Amino acid sequence: MGAYALAIDLGASSGRHILGHIENGKIVLTEIYRFSNSFTRHGSHLCWDVEQLYAEIITGLCKCKALGVQPTTLAIDTWGVDYVLVDQDGNRIGDAVAYRDNRTCGMPEMLDAVMPPEILYVHTGIARQPYNTVYQLMAAFTENPEYRSAVKHLLFMPCYLHYLLTGVMRNEYTIASTSGLINAKTKDWDGAVLAAAGIPPELMGPAPAMPGTVLAPLRAAVAAEVGFSCDVVLPACHDTGSAYMAVPYTGGNAAFLSSGTWSLLGMELEEPVLTRTALTAGFTNEGGFGGNIRFLRNIMGLWILQSLRHEGGDRYSYAELSQLALQGAAYPETFDPAEERFLAPDHMTAEIHAALSQAGKPLPPDEPALLFCIFHSLANCYAQAVKALGKITGLSISTLHIVGGGCQNQTLNQLTAKAAGIPVLAGPVEGTAMGNLLAQWIATGEIASQVQARQLMQSGASPEIYLP
């Protein structure tokens, strides 16, 4: 039996600690702790409670000790773009504002005046989104000009949490690549973009470290608190980067979909695609393990369903919602779930109704019809992304691999297979945690390479298959 590693996978709605080891050539997972996560309003902004996140991380580590299992390594992955600002003494400055906050209104246009979108895309390869870190930082410095003298470091969310555990400040490539501040070709901070956005280059630190880097052991105080010490490893710190690592890919021109709060559909490439066609189609070039490129489109995803579920008092499980939607299959209308209006509406149901009404479409007559409309709309959006992906890359996409919690949605999977006209292979559910663990084992030498990691995923794969 191989050494234990601990994946701390933090999503925008929940976090989990998952222990993993390799036994008889298979990955064995044990979830030891799970907790809720969400942003809350603090003053005028939507913010993450980073102190609570860190406390939950420590609680999960203490669970390891209580179970009598000591991991050799641990690693944290999170959602992209968000960050924490730190002063010269290593203390946090200001709130950790969440990407769904509206403070960036007007920032993209302000940057456009200095660096047109087409030029920005050639530098970074990142699709224009109002929550990109570059726009968040412009908003932060505009609202708080005193930050220019007080801030000494920027750490992306997982890197800040790694810093709290180890005392070492280092940003990691895949999470940094989501920012709109990394040059897509050099994989280093882009000085021209930083200058255009008015961001002091010194706060970004050295070039981001590649995933698979051993960062440092736990600080002595942390080790004493949790009852053991271990090394902290940089995985693909962006959760989608970790999820893509865990796809049981067997070759051919396959597309990958990491399905959760966000849906990120694309494929792995050796080089970025920085064409106007890619920009216009909304594709982004994010970093992957080994320095490859995750060429993908970011789609609003199951956030829409999560919001609808909360508005209904969470009375249904997600599996029940998937089945309930089938009762509304006669409703034919759809909307575009990629529209910015669905990023953080006050009421998701009302926003969907408004979108349909403005398009001159009849409203869903009941809850099952509304649910089917959501799934049908997402499936169409996925199919459009698959088609655009093939057109831009010149490849004929043969299959779609779906990993993450969303791969359990049987209704959505079947609708996606039908809309895209290709087989859908669903699983693993815990793709992000598995990818996180794989990076740790590569770092320690338990797995020789990314190629061997994918072979390990293939040997243990038993995906659900949905045919068009």
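Residues numbered from 1 in each chain as written. Predicted model: local features only at pLDDT ≥ 70, side-chain atom pairs only at ≥ 80, totals over all residues. Heavy atoms only, no water.

Asks: Which residues make up empty space enclosed by the protein, and what are the values?
Replies: Applying the stated criterion across every chain, the model contains three cavities of 30 Å³ or more. Of the pockets and cavities examined, the largest cavity occupies roughly 90 Å³. Forming the boundary of the largest cavity are 13 residues, of which Leu120, Ile126, Ala127, Arg128 and Tyr135 lie nearest the centre. Only helix H3 (117–124) and helix H4 (133–143) provide two or more residues apiece to the lining of the largest cavity. When residues in the lining of the largest cavity are grouped by element, the largest group, four residues, is from H3. The residue inventory of the lining of the largest cavity, partitioned by class, reads eight nonpolar, three polar and two charged. Each pocket or cavity is described by its volume, and for the second largest cavity that value is around 60 Å³. Of all elements in the fold, only helix H12 (303–311) and helix H15 (367–393) reach the threshold of two or more residues within the lining of the second largest cavity. (1 Å grid on protein atoms, 1.4 Å probe; cavity = no way out; pocket = protein on both sides within 12 Å on 5 of 7 lines; lining within 4 Å. Points joined across faces, edges and corners; volume = space filled by probe spheres on them. Helix = DSSP H or I, 4+ residues; strand = E, 2+ residues; numbered from the N terminus. Nonpolar A, V, L, I, M, F, W, Y, C, P; charged D, E, K, R; others polar.)

Asks: Lay out the sheet that holds strand S9 (residues 96–97) in plain terms, naming residues and giving numbers.
Replies: Strand order in the open sheet formed by three strands is S4-S5-S9, and the pairing between neighbours is antiparallel. The sheet terminates laterally at strand S4 (40–42) and S9, the two strands that pair on one side only. When strand S5 (residues 45–48) meets S9, the two strands line up antiparallel, connected through two bridges. From the neighbouring strand, Cys47 faces S9, where its bridge partner is Val97. (Pairing = 2+ DSSP bridges.)

Asks: Describe in detail the pairing of strand S7 (residues 83–86), supporting the description with residues and values.
Replies: Of the two faces of S7, the one holding Tyr83 and Leu85 and the one holding Val84 and Val86 are both buried throughout. Here S7 runs beside strand S10 (residues 153–156); their pairing, made up of four bridges, is antiparallel. Bridge pairing in S10 places Leu85 opposite Leu154. Here S7 runs beside strand S8 (residues 92–93); their pairing, made up of two bridges, is antiparallel. The residue of S8 that forms the bridge with Val86 is Arg92. Linking S7 to S8, which pair antiparallel, is a turn of five residues; within it Gly90 sits at a positive phi near 85°. (Buried < 20%, exposed > 50% of the residue type's maximum accessible area, 1.4 Å probe, protein only.)

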